[in-house]
Every structure is written in structure tokens, then in C-alpha cells.
Amino acid sequence: MNVFRVSGAKKRLGENRVLRGIDLDVRKGEVLSLVGPSGSGKSTFLRTLNRLIELDSGSILFKGASIIDMDPVGLRRNVVLVTQEAVMLPGTVKENILYGPELAGMKDGCDAGKCLIEAGLSADFSAKDASKLSGGEKKRVSLARALALRPEVLLLDEPTVGVDPKRVKRMERTILKAARSRGLTVVWVTHDIPQAMRVSDRIANLKKGKVVEVKNAGEFEWEGAY
Amino acid sequence: MGGGILSGLPYTWEEGLVILGLTLVLFVLAIAVSIFKRIGIAKEYTIALIRGSVQLFFTAGILYLLFEFEWWYYPIWLMLIAMILMGGYTSAKRASKMPGAYKVTTPSILIGGTIVLLILWITGAMPSEPQFIIPLSGMVFGNSMTICSLALNRLIREFETNRPSLETMLSLGATPKEAMEEFARMSVKAALIPNIDSLKTLGIIFIPGAMAGLLIAGTNPILAAEYQIIVFLMILCGGLITSLIAVYLARGMLFTKAYQIAEWI
Ligand SMILES: Nc1ncnc2c1ncn2[C@@H]1O[C@H](COP(=O)(O)OP(=O)(O)OP(=O)(O)O)[C@@H](O)[C@H]1O
Ligand SMILES: [Mg+2]
């Protein structure tokens, strides 16, 4: 079954035709990597999936229904975006993690410390001032913040950039573990082709606003990717 | 027209013209200095002075006619409407980035100002006479206009600089209302600061218009002060209500119906 079915997705930003007709299916429970050159529209595409921006034309079906007909808040709680730049909201790490659950009225069932551990940080981070974390720590807090919403789909925009090499693989493993144990579907944007081959079931290659090929991770040839 | 009915001014209007001429000499000198120092405000200043004077004399002419006119309450409605539209338009120009900003500013100024004027009227602080209605509504709508501009401008600036935070909150399932709450609060607060400051310095640095007028007209200073506080309080309330409505209405312009940040930001 498809979690997402995207067809003919087009989006112009200012003068740029950023998405030029994307066709892509995302299968339930898979980890799909999205690779492609800088500026090819990867981040923009992720932002159309949680409807942070509106398509000019084309359609996106989430579990069979057009996202246009859905309540945006409900969609975004189910399809959580972890942005390329980890933006911390004012307050402590714990407040950041509980922000979404609190608005959703499910704060009580949410354990910030557990989410932190799932994202590869220690639970002691809870009380820290979120604005004073390092770049890599912020990345992991924003992952924990997304997991706290118990989404069905995670949209990860270069989640391991800025994390030191030793921790990258550990973070990959934690993301995969969290995804598998929760039955999540993951769309994972990365520039790191070996990483894409390590973590994903399938890899989609985006060029100039179009998906030029989708392959199983094992069959992906990375010379052609850029 | 001689010294006039209300005024305690100790000279005729012809003599007043001479005094105006003398003060203009000082103005010209100041402008000359600013040209010499290349401050770059001479032209704008002069145009503003001419424009302001023409407007003021024009209004004075209308007031003069109104005060004499038995059916003054008909044209006064037109004046009030003109004040609101002008205020809405001017304030919208200050927030010109926002398409259709007048749809935010005009109702805010209308509602904020009208509530306060009604209270002034019902309590008897504003007798049904043009001498009271015109200057008081001018002050109330004028202040509402300024505050509306300040609040909107600040809010737009907050949106421009905090776009990533706003999008993060939306991505975590916040509604526009929830996402902008903090920025709306800050904008209202910032817009009210000039009012609060003038309230603080009331009577020390700043003898406001209504009181000055009453004193010149020979009112008992205590009574004048009391009246000034009533007026000031109402002007402040008007500004507060206006700014609250403005940030509320602005929400529909800053976000799309699908809870996205509007494209013009
Ligand atoms: N608000 C905007 N207005 C105009 N152009 C924009 C806007 N946002 C993004 N773009 C352009 O859209 C294109 C795609 O941007 P996007 O961020 O989606 O690329 P990306 O594939 O994520 O790149 P990277 O790998 O560097 O993160 C870029 O050329 C960018 O300049
Ligand atoms: Mg990107």
C-alpha cells in the first residue's frame, strides 16, 4: 500500500520552477532516500508533503485521500517534517519535545527522556536550554521532537549533517530502530549516497525538480546520481 | 473674525499672522542649517509643513463653518467617516507589504475608536457639540491609527525574521493562532510603548493637547487635569483595542487557509 502517491507535482517559487512534475510513490513502512544535487528541490518537495507549501498543480494523496481535503494540523501531526536547519523553539529541550504533544493534548502519554534516547541523546538533555546546544545536538533534539508526536511518516531533511562521523552511524541505527519499532514510513533526504544505500529500501533520484529514477537500494548506481 | 469665541488668545488673527511669519523665519533658518549639514530632510520637512498647514487651515475653515451651522450633526458624520477611512488608508500604507492591509487597518481603527468615543459620549465626557466631538475623535482615531501601524509593522517584521520558527511550529501541528501568539503579544506591547511613555511623562515633559487647549481657554487647571486623564485613558483604551483587533485580523493575511505562511512574506 502507498502512504503517499505524488503525481505531476509542480511548484514555482518566485522565478524558479523548483518542482517540475514529480511523480513518486512512497510505500508503507519503507525507508525511501531522496538524493540529488543541491537546489534540485528536495527540501521543497518535503515541504509539500506536510503541506507547508501548496502545489501549483499536480496532486498528493496521503493514504488514498488528497491532502487538500485534510485538516492541515491532523496531516502535520501524522507526517512530521524534520527540517534541514534544526530550529529550536525558545525554552528547554523538554519544552521543545513536548511542544507538539501538548498542542495535540497528548502531553501526558509522552516521555521526553525516552524520545531523546530514541534520537540518540541522553535523557539528561531534557533540562538544557535548547538554544545553547551544538548543531548536531539540535539535529537530534528535532528528531526527538518529531518522534514525540508519534507520527506515521517521518520526513527527514539531511538529519545527520552536522553530527560527527562517529555518531552518524549510531544516529542512522537509532533512526532505523525507531522507525522499525514504530512501523514508521521514512522519507530521508541525503547527499551521502553510501548512507542512502545503508539506510534505505529504495532510493529516488531528484534532478531539476523531477524524479529521474527510483531503484532498490541494492541496485542503485551512484555514478549516475549527480 | 477677531480674538474668537473660545480663545483666550491675546491678539487678533491679523497679528497672529505676523507671529506666524516670525516663527517661519526661525524654521527657514533651521532648514538652511539642515541643508548646510546635508541632513537630507529639508525638502521633506518643507513639503510636510506646507501640506500640514494647508490641511489644518482647511479643517479650521470647516470647523468654523460647523460651529456656526445649525445642522452640524449631518456633516459631522461625514467627517468621522473620512477620519476612519483616512486613518485606515494611511496605516495600511505603512504596512504596504501586506496585500489588502486596509482590510485590517480600517476595521481595527473603526472599532477601537468608536467604542471609546461612545463611552466618552455616554458618560458625558464628550458633550454632543462639534467643539468636543471633532477634536476628541481626531485624537482617538489619530492615536488608533498610529498604534495600528506600529503593531502591524512589528508583526510583519517578526514574521520575516522568525519564519523558520513559525514553520517549525506549524510543522509540529500548531494552528496559526498558536504559532503567532507570542509574536502577536510582542507586537501589541511594542505598539503601546509610546503611549505608555507619554503617560509616564504626562504633566512633566508633556502637556497634552486637550489640557493645553483647556488651559489656554481659561479652565481651572485641576478640572483640566481631570479631563485630560479621562481623555488620555480613553485614547489609550482605543489604541489597545485597535491593536488587538489589528493583530487578530492580520492573522488571516499572514497565513493561508491551509495554515501556511502567506507567500507575500
Ligand atoms: N522562497 C524561495 N523563493 C525562490 N526560490 C527558492 C525559494 N526557496 C527555495 N528556492 C529555490 O528552489 C530551489 C530548490 O531549493 P531546495 O531547498 O528545495 O533544494 P535542495 O534540493 O533541498 O538543495 P540542498 O541539497 O542544497 O538542500 C533552489 O534553487 C532554491 O534557490
Ligand atoms: Mg535541502
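Refer to the preceding data block for the structure.
Given the structure is predicted, the values throughout are model-derived calculations rather than measurements.

Asker: Which parts of the structure should I look at to understand a nonpolar patch on the surface?
Answerer: Residue and element names in this part refer to chain B. A grouping of Trp-13, Leu-17, Leu-20, Leu-24, Leu-49 and Phe-57 is seen on the molecular surface, where their side chains present a nonpolar patch of about 590 Å² in accessible area. Those elements giving two or more residues to the nonpolar patch turn out to be α1 (13-36) and α2 (42-68). Looking at which element gives the most residues to the nonpolar patch, the answer is α1, with four residues. With respect to the secondary-structure elements, Leu-49 resides in helix α2. Residue classification places Leu-49 among the partly exposed residues on the basis of a relative accessible area of 33%.

Asker: For this particular structure, what's the right way to read the environment of Arg-170 of chain A?
Answerer: Residue and element names in this part refer to chain A. Topologically, Arg-170 is positioned in helix α6 (residues 165-182). By relative accessible area, Arg-170 is classed as partly exposed at 44%. Linking Arg-170 and Gly-218, residues 48 residues apart in sequence, is a C-alpha distance of 21 Å.

Asker: Before we go on, may I ask you to explain the packing of aromatic side chains in this structure?
Answerer: The geometry of an aromatic ring pair is captured by two quantities: the separation of the ring centres and the angle between the planes. Summed over all chains, the structure comprises three aromatic pairs over all chains. Between the aromatic rings of Phe-27 of chain B and Tyr-45 of chain B, the centroid separation amounts to 5.6 Å while the plane-to-plane angle is 85°, which identifies the pairing as edge-to-face. Remark: Tyr-45 of chain B occurs in helix α2 and Phe-27 of chain B occurs in helix α1; sequence separation between them is 18 residues. Taking relative accessible area as the criterion, Tyr-45 of chain B reaches 46% and is therefore assigned partly exposed. Both rings, one in Phe-159 of chain B and one in Phe-255 of chain B, keep their centres 5.4 Å apart while their planes meet at 75°; by these two values the pair is edge-to-face. Of this pair, Phe-159 of chain B sits in helix α5 (residues 130-161) while Phe-255 of chain B sits in the segment after α9 (221-254), placing them 96 residues apart in sequence. Of the two residues, Phe-159 of chain B and Phe-255 of chain B, both sit in the buried class. Over the aromatic face of Phe-125 of chain A sits the side chain of Lys-128 of chain A, whose NZ or CZ is 4.3 Å from the ring centroid.

Asker: What is the right way to look at the coordination of the magnesium ion (ligand 2) in this model?
Answerer: Each pair of donors in an ideal four-coordinate tetrahedral metal site encloses 109.5 degrees, whereas pairs in an ideal six-coordinate octahedral site enclose 90 or 180 degrees. Residue and element names in this part refer to chain A. Coordination sphere of the magnesium ion (ligand 2), protein contribution only: Ser-43 (OG) and Gln-84 (OE1), at 1.9 to 2.3 Å. Linking Ser-43 in helix α1 (residues 42-49) with Gln-84 in the loop between β6 (79-82) and α3 (93-104), this pair joins segments that are 41 residues apart in sequence. Overall, the relative accessible area of 24% leaves Ser-43 in the partly exposed class. By relative accessible area, which is 32% here, Gln-84 ends up partly exposed.

About the criteria used
Residue numbering note: each chain is counted from 1, following its sequence as written. Chains and ligands are labelled by the order in which they are written, letters from A for the one and numbers from 1 for the other. Given that this is a predicted model, residues contribute local features only at a pLDDT of at least 70 and side-chain atom pairs are listed and counted only at 80 or more, while totals for whole chains, interfaces and linings are drawn from all residues. Side-chain measures here rest on the full set of heavy atoms in the structure, leaving out hydrogens and waters. Like charges within 9 Å and nonpolar side chains (Val, Leu, Ile, Met, Phe, Trp, Tyr) within 5 Å are joined into patches, using only residues over 30% in relative accessible area that form no salt bridge. Using a 1.4 Å probe, accessible areas were evaluated by the Shrake-Rupley method; residue-level cover was limited to the displayed protein chains. Salt bridges are defined as contacts in which a side-chain nitrogen from Lys or Arg sits within 4 Å of a carboxyl oxygen from Asp or Glu. Under the scheme used here, helices are H or I runs from DSSP no shorter than 4 residues and strands are E runs no shorter than 2 residues, and both carry numbers assigned from the N terminus. A simple rule labels every residue: compare its accessible area, found with a 1.4 Å probe on the protein chains alone, to the largest value its type can have, and call it buried under 20%, exposed over 50%, or partly exposed in between. Aromatic rings from Phe, Tyr and Trp, with only the six-membered ring used for Trp, were paired whenever their centres fell within 6.5 Å, and each pair was classed as stacked if the ring planes differed by under 30 degrees, edge-to-face if by over 60, and tilted otherwise. Counting as a charge over the ring demands two things of the Lys NZ or Arg CZ atom: a distance within 6 Å of the ring centre and an angle within 35 degrees of the ring normal. For Na, K and Ca the donor cut-off is 3.2 Å, while for other metals it is 2.8 Å, and in both cases only N, O and S atoms qualify; water is not among them, so sites may look incomplete.

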